[in-house]
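Take a look at the letters that make up each chain.
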Amino acid sequence: MDTDLVDQVIDVARRIVASGAISANGHGNVSLRVPGGDEMYFTGGASLRDHPADLVARVGLDGTLREGQLPPIQGAVVAMHTALYADRADVGCVMHTHSPYATAYAVANRPIGCWIEALAMFGLPDGVPVAGYGPRGSDRAVANIRAAVRPGVPAVLLANHGVLVFHRTPELAVLVGGVVEEAAQAGINAGGLGGPVEIPADMRAAALQRAMIFEQKGTVST
Ligand SMILES: [Zn+2]
């Protein structure tokens, strides 16, 4: 077991918890692709809160356990992670949570619309789609995820379950997880005010463009 990678997985779990985009019981899982390899490091614990290092497992992208422990309840969702690594060569981190507001949309089988700018800026200009229900990690669930996710989209709601985020780096995955939860919370709060209003499609592109211009410029000086 590569202790650096174990530490990295634990650190991502800690950052997800610190972001607040997590349910009270901390249920979820996160994995990191081993660079240049055919395997991933995966949290085998039931909760991401204070996840113990000895429950991080090394798992082949074919789904087989190579080292460590993988309780059956966690082993069942491995396919959700391996499918994304197989489909997307650029994905380096996959995370799954039951963050409460986003999960409310998932339970309602409702997509999150692009009603906050950050969604447009971070790869979700069409909002967050819903993958139809299938038992967690089953062939049906994985097929539904594949059907719902368009190229480049970094997050999907899992109907009647939770949220799945996948990105190049753990930093981006945690960031997107937070943005999705923030958008869901805003959407639910706006429900009492006539409902959220989506940003016009041309303005979503403009929001992304403006963010990219600022990124290229680097630090803004006065
Ligand atoms: Zn789950």
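These numbers were taken from a predicted model, which means no experiment stands behind them.

Distances from the zinc ion to its protein donors, namely His-96 (NE2), His-98 (NE2) and His-161 (NE2), fall within the range 2.0 to 2.1 Å. Positions of the donor residues of the zinc ion, expressed as sequence spacing, correspond to H-x1-H-x62-H. With relative accessibility at 2%, the residue His-96 sits in the buried group.

Checked against the element boundaries, Gly-68 lands in the loop between strand 4 (65–67) and helix 2 (72–75). Along the chain, Gly-68 and Ala-183 lie 115 residues apart, while their C-alpha atoms are 37 Å from each other. What Gly-68 contacts, discounting residues up to four positions off in sequence, is Met-1 and Val-56.

Time to look at the pairing of strand 8 (residues 162–167). Burial analysis of strand 8 places six of its six residues in the buried class, the great majority of the element. Pairing of strand 5 (residues 93–97) with strand 8 involves five bridges; the strand directions are antiparallel. Bridged to Met-95 within strand 8 is Val-165. One ladder, built from four bridges, connects strand 7 (residues 155–158) with strand 8; its direction is antiparallel. Its bridge partner being in strand 8, Ala-155 is matched across the sheet by Val-165. Hairpin geometry of strand 7 and strand 8 is characterised by an intervening segment of three residues between the two adjacent antiparallel strands and by a positive phi of about 55° at Asn-160.

Strand order across the open sheet formed by eight strands is 4-3-2-1-5-8-7-6, with mixed pairing between neighbours. Two strands bound the open sheet, and with one partner strand each, they are strand 4 and strand 6 (130–131). By the bridge criterion, two bridges tie strand 3 (residues 56–60) to strand 4 in an arrangement that is antiparallel. Looking at the pairing, Arg-58 lines up with Glu-67 of strand 4. Seen against the sheet, helix 3 (residues 78–87) touches strand 1 (28–33), strand 2 (39–43), strand 3, strand 5, strand 7 and strand 8 and runs at an angle of roughly 35° to strand 1.

Moving on, we get to the nonpolar core. Within the largest apolar cluster, 61 residues are counted, with the highest numbers of intra-cluster contacts made by Val-30, Ile-112, Leu-119, Val-156, Leu-164 and Val-180. Aside from chain neighbours lying at most four places away, what touches Val-156 is Val-128, Pro-129, Val-130, Ala-131, Ile-145, Ala-148, Val-149, Gly-162, Val-163, Leu-164 and Phe-166.

Time to look at the UniProt feature "domain: Class II aldolase/adducin N-terminal" (unreviewed entry) in the chain. In the numbering used here, UniProt assigns the feature "domain: Class II aldolase/adducin N-terminal" (unreviewed entry) to residues 7–188. With 38% helix and 20% strand, residues 7–188 has end C-alpha atoms that lie 36 Å from one another.

Procedures and definitions
- Position numbers for residues count from 1 along each chain, tracking the sequence in the order it is written.
- Reporting in this predicted model follows two pLDDT cut-offs: at least 70 for local features of residues, and 80 or more for side-chain atom pairs to be given and counted; totals over whole chains, interfaces and linings ignore these cut-offs and use all residues.
- As a convention, hydrogens and water are excluded, and side-chain values are obtained from all of the structure's heavy atoms.
- A donor here means any N, O or S atom no more than 2.8 Å from the metal (3.2 Å for Na, K and Ca); water is not included, so a site may seem to lack partners.
- Exposed residues in this analysis have more than 50% of their type's maximum accessible area, buried residues have under 20%, and partly exposed residues fall in between, with area computed by a 1.4 Å probe over protein chains only.
- Secondary structure elements are taken from DSSP: a helix is a run of H or I of four residues or more, a strand is a run of E of two residues or more, and numbering for both begins at the N terminus.
- Any two residues having at least one pair of non-hydrogen atoms within 4.5 Å are treated as being in contact.
- Strands are labelled as partners when DSSP assigns at least two bridges between them.
- Here the axes come from fitting lines to C-alpha atoms, over the contacting stretch only for helices, and the angles between their N-to-C directions go from 0 to 180 degrees.
- For the purposes of this section, nonpolar cores are sets of buried Ala, Val, Leu, Ile, Met, Phe, Trp, Tyr and Cys residues that join through side-chain atoms within 4.5 Å.
- UniProt positions are given in the numbering used here, feature names are shortened, and annotations may be inferred rather than shown by experiment.

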